[in-house]
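Here is how the chains run, residue by residue.
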Amino acid sequence: MTDPVIAYLGLGGNVGPVAETMRTALDRIDNDYACRVMTASSVYRTPPWGPVAQDWYLNACVKIATSLSATSLLELVLATERSLGRVREQRWGPRTIDIDILLYGDEPVRHKNLTIPHPRMKERAFVMVPLAELAGGRLLDGRTISEYASGFENEGLEKTEIRLTA
């Protein structure tokens, strides 16, 4: 087994009991022999993003330690999504759960179906604001994650009282 890598995941959803689904997803990831959920950000109620009319989302980020490769971690999060009813019918459409690998260690990852850092994360308040709680001082293209997050002050995010981990 390799030394653990610190990775950050983004979670979101807007169909069904979203907070419960997110907690179940984290339990499943944490129960994998090669992953440990370390901490979770606050949960934010966020306006829908993209061209599809839909309900508001709940979004959060989590920090994990994993000895899985980036591609194996992707397989785990995709299997977790499927097990929780995720169906990919419409891009940026409603979903029970979405789990994105935002960061994996300190090095970029480029594979056919996986790019890390997540290629559009810097454009999204629902990613950068919760991620700043966990990794605010981390540099991303010469700026800290907190600096990116501060640029989203008027994006309509609402911090909730929901907690994903104890």
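Use the structure listed above.
Being a predicted model, the structure only gives us computed values, none of them experimental.

Q: Got a minute to help me understand the overall build of the protein in this structure?
A: Check the secondary structure of the protein and you find four helices and 10 strands. Helices (α) and strands (β) of the protein occur, in sequence order from the N terminus, as β-α-β-β-β-α-β-β-β-α-β-β-α-β. The C-alpha extent of the protein, read off along each of the three principal axes, is 45 × 35 × 35 Å. The buried share among the 166 residues of the protein stands at 51%. The contacts in the protein between residues at least 6 apart in sequence include a share of 70% that link residues at least 24 apart. In the structure as shown, the protein presents an accessible area of about 8700 Å², 48% of it carried by carbon and sulfur atoms. Separation between the mean location of the 19 positive side-chain charges and that of the 21 negative ones in the protein comes to 3 Å.

Q: Mind showing me how you'd approach the packing of aromatic side chains here?
A: Taken as a whole and assessed by the stated rule, the structure comprises zero aromatic pairs. Over the ring of Trp56 we find Arg45, and its NZ or CZ is 4.1 Å from the ring centre. Against the face of Tyr148 rests Arg143, its NZ or CZ located 4.3 Å from the ring centre.

Q: Would you take a moment to explain the environment of Thr165 for this structure?
A: As for its position among the elements, Thr165 is in the segment after β10 (158-159). For Thr165, a relative accessible area of 33% puts it in the partly exposed group. Taking the C-alpha atoms as reference, Thr165 lies 12 Å from Arg36; in sequence the two are 129 residues apart. Beyond its immediate stretch of four places on either side in the chain, Thr165 contacts Leu26, Val37 and Ala40.

Q: How should the pattern of salt bridges be read in this particular structure?
A: All chains considered together, the criterion is met by three salt bridges. In this structure, Glu158 and Arg45 form a salt bridge, with 3.3 Å as the shortest nitrogen-oxygen distance. With Glu158 in strand β10 and Arg45 in strand β3 (residues 44-46), this residue pair connects regions lying 113 residues apart in the sequence. For Glu158, a relative accessible area of 38% gives the class partly exposed. Here Asp106 ties to Arg138 by a salt bridge, and the two come within 3.9 Å at their closest N and O atoms. Note that Asp106 is positioned in the loop between β5 (98-104) and β6 (109-111) and Arg138 in the loop between α3 (125-135) and β8 (139-140), a separation of 32 residues in sequence. Looking at Asp106, the relative accessible area reads 68%, which means it is exposed.

Q: Even after reading the chapter, I still don't get helix α1 (residues 18-30), so can you show me in this structure?
A: One turn of the α-helix equals 3.6 residues, which is why residues spaced by three or four share an orientation. Look at α1: 18 Å from first C-alpha to last across 13 residues, which is about the 18 Å you get at 1.5 Å a residue. Every buried residue of α1 is accounted for by Val18, Ala19, Thr21, Met22, Ala25, Leu26 and Ile29. What you see down the axis of α1 is that its buried residues fit within an arc of 160°, all on one side. The inward-facing, buried residues of α1 abut β1 (5-13), β2 (35-40), β4 (57-66), α2 (70-83) and β5.

Q: Can you walk me through the environment of Leu157 in this structure?
A: Within the secondary structure, Leu157 sits in the loop between α4 (145-150) and β10. Judged by its relative accessible area of 23%, Leu157 falls in the partly exposed class. Along the backbone, Leu157 and Pro47 are 110 residues apart, and their C-alpha atoms lie at a distance of 7.0 Å.

What counts, and at which threshold
Residues numbered from 1 in each chain as written. Predicted model: local features only at pLDDT ≥ 70, side-chain atom pairs only at ≥ 80, totals over all residues. Heavy atoms only, no water. Helix = DSSP H or I, 4+ residues; strand = E, 2+ residues; numbered from the N terminus. Buried < 20%, exposed > 50% of the residue type's maximum accessible area, 1.4 Å probe, protein only. Contact = heavy atoms within 4.5 Å. Areas by Shrake-Rupley, 256 points an atom, 1.4 Å probe, with all protein chains shown as cover. Lys, Arg positive; Asp, Glu negative; His and termini not counted. Charge placed at Lys NZ, Arg CZ, Asp CG, Glu CD. Phe/Tyr/Trp six-rings, centres within 6.5 Å; stacked < 30°, edge-to-face > 60°. Lys NZ or Arg CZ within 6 Å of the ring centre and 35° of its normal. Salt bridge = Lys/Arg side-chain N within 4 Å of Asp/Glu carboxyl O. Expected span 1.5 Å × (residues − 1). Arc of directions from axis to C-beta.

Note that every value here comes from positions in space, so none of it alone points to a role or purpose.
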